[in-house]
Amino acid sequence: QKEVEQNSGPLSVPEGAIASLNCTYSDRGSQSFFWYRQYSGKSPELIMSIYSNGDKEDGRFTAQLNKASQYVSLLIRDSQPSDSATYLCAPGGNEKLTFGTGTRLTIIP
Amino acid sequence: GAVVSQHPSRVICKSGTSVKIECRSLDFQATTMFWYRQFPKQSLMLMATSNEGSKATYEQGVEKDKFLINHASLTLSTLTVTSAHPEDSSFYICSARIAGNQPQHFGDGTRLSIL
């Protein structure tokens, strides 16, 4: 089993809708989780950190963590074309981050 | 906060040249810095993990004599690609982290093109 699994997409969402990105991980000891956004040709950018079970909201972004199910998700409300990018999740707490392959999200105007 | 500066942003040079890339954490002290490589349309690939004052830990398949990493201070790490060849052309990205449970913060990357 891969350490981090994400649906590679592409995921197409109409502008204004909610985009839902999912990630499962294998290390039960992971205590922190990070979502990064990577535009084509650019380096990753941290958009959300979550450390405890439940939801964490930041503007249009909501991260949801369920440690029992080893599942973390990212919701993007009111999706905009500028949200089109690859989204990477990574469990933290270890010597190095293990990134998923990323989900490519396209927002359709 | 948590700004990582990476220079240069782009390098074009002849085969056989050695290229040095700098990564600096500007507003925090980074206990650990990381170097990644990314080929077009592929995932990030971790090359090595570097702790200040220690030898870098290289991932399997990464040649330590080809990719020299120096982490002399808590705010600076350098990657030197020695005797670069066209197959080394790629997007090199560094990141820095304050502590184990904290996120990595990425530099803007260096696009290396070897002619």
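The rules we used
- Residues numbered from 1 in each chain as written.
- Chains lettered and ligands numbered in written order.
- Predicted model: local features only at pLDDT ≥ 70, side-chain atom pairs only at ≥ 80, totals over all residues.
- Heavy atoms only, no water.
- Pairing = 2+ DSSP bridges.
- Helix = DSSP H or I, 4+ residues; strand = E, 2+ residues; numbered from the N terminus.
- Axes fitted to C-alpha atoms, helices over the stretch in contact; angles between N-to-C directions.
- Contact = heavy atoms within 4.5 Å.
- Buried area = accessible area lost by both parts, 1.4 Å probe.
- Salt bridge = Lys/Arg side-chain N within 4 Å of Asp/Glu carboxyl O.
- Polar contact = N/O pair within 3.5 Å; in protein donor to acceptor, adjacent residues only side chain to side chain.
- Nonpolar A, V, L, I, M, F, W, Y, C, P; charged D, E, K, R; others polar.
- Buried < 20%, exposed > 50% of the residue type's maximum accessible area, 1.4 Å probe, protein only.
- Phe/Tyr/Trp six-rings, centres within 6.5 Å; stacked < 30°, edge-to-face > 60°.
- Lys NZ or Arg CZ within 6 Å of the ring centre and 35° of its normal.

K.L.:
Help me get a handle on the sheet that holds strand S9 (residues 85–91) of chain A, residues and values and all.
P.N.:
Residue and element names in this part refer to chain A. Here 5 strands make up an open sheet; going across it, the order is S2-S10-S9-S4-S5 and the pairing mixed. Both outer strands of the open sheet, strand S2 (11–14) and strand S5 (45–50), are each paired with one neighbouring strand and no more. Taken pair by pair, the neighbouring strands of this sheet meet at an average axis angle of 25 degrees, ignoring direction. As paired elements, strand S4 (residues 33–38) and S5 share 5 bridges and run antiparallel to each other. Residue pairing in the sheet places Phe34 in a bridge with Ser49 of S5.

K.L.:
How would you explain the interface of chain B and chain A if you had to name every residue and give the values?
P.N.:
The figure often quoted for interface size is the accessible area lost as the parts come together. Tallying the contact residues gives 24 residues for chain B and 21 residues for chain A. Taking both sides of the interface into account, the surface hidden between chain B and chain A amounts to around 1500 Å²; carbon and sulfur atoms contribute 49%. Of all residues in chain B, Asn101, Pro103 and Phe106 of chain B bury the most surface against chain A, accounting for 30% of the area lost on that side. At the boundary of chain B and chain A, one finds 0 salt bridges. Applying the counting criterion to the chain B and chain A interface returns 5 residue pairs in polar contact (both at pLDDT 80 or more). Contributing elements (two or more residues each) for the side of chain B that touches chain A: strand S4 (32–38), strand S5 (45–51), strand S9 (90–97) and strand S10 (105–106) of chain B. Take the side of chain B that touches chain A: its biggest share by element is 4 residues, from S4 of chain B. For the side of chain B that touches chain A, the per-class residue count stands at 8 nonpolar, 12 polar and 4 charged.

K.L.:
Quick one: what's the story with the pattern of salt bridges, residue by residue and with numbers?
P.N.:
All names here are of chain A. Counted under the stated rule, the structure contains 5 salt bridges over all chains. Glu45 is the salt-bridge partner of Arg37, the closest N and O atoms lying 3.0 Å from each other. You can call Arg37 buried: its relative accessible area is 12%. Residues Arg77 and Glu57 are paired through a salt bridge, measuring 3.5 Å at the closest nitrogen-oxygen approach.

K.L.:
Residue-level account of the packing of aromatic side chains, with values.
P.N.:
According to the stated counting rule, one finds 8 aromatic pairs over all chains in the structure shown. Both rings, one in Phe34 of chain A and one in Tyr51 of chain A, keep their centres 6.1 Å apart while their planes meet at 80 degrees; by these two values the pair is edge-to-face. Of this pair, Phe34 of chain A sits in strand S4 while Tyr51 of chain A sits in the loop between S5 and strand S6 (54–58); the two residues are 17 residues apart in sequence, bridging distant segments of the chain. The exposure class assigned to Phe34 of chain A is buried, which follows from its relative accessible area of 1%. Judged by its relative accessible area of 32%, Tyr51 of chain A is partly exposed. Between Tyr36 of chain A and Phe99 of chain A the ring centres are 5.4 Å apart and the planes differ by 65 degrees, which places this aromatic pair in the edge-to-face class. Here Tyr36 of chain A, found in strand S4, pairs with Phe99 of chain A, found in the loop between S9 and strand S10 (103–108); they are 63 residues apart in sequence, far enough to count as distant. One exposure class covers both Tyr36 of chain A and Phe99 of chain A, and it is buried. Ring pairs connect the aromatic residues Tyr36 and Phe99 of chain A together with Tyr36 and Phe106 of chain B, which therefore count as one cluster. The cationic tip of Arg60 of chain A hangs over the ring face of Phe61 of chain A; the distance from NZ or CZ to the ring centre is 5.6 Å. Looking at Arg111 of chain B, its charged tip hangs above the ring of Phe91 of chain B, at a distance of 4.2 Å from the centre.

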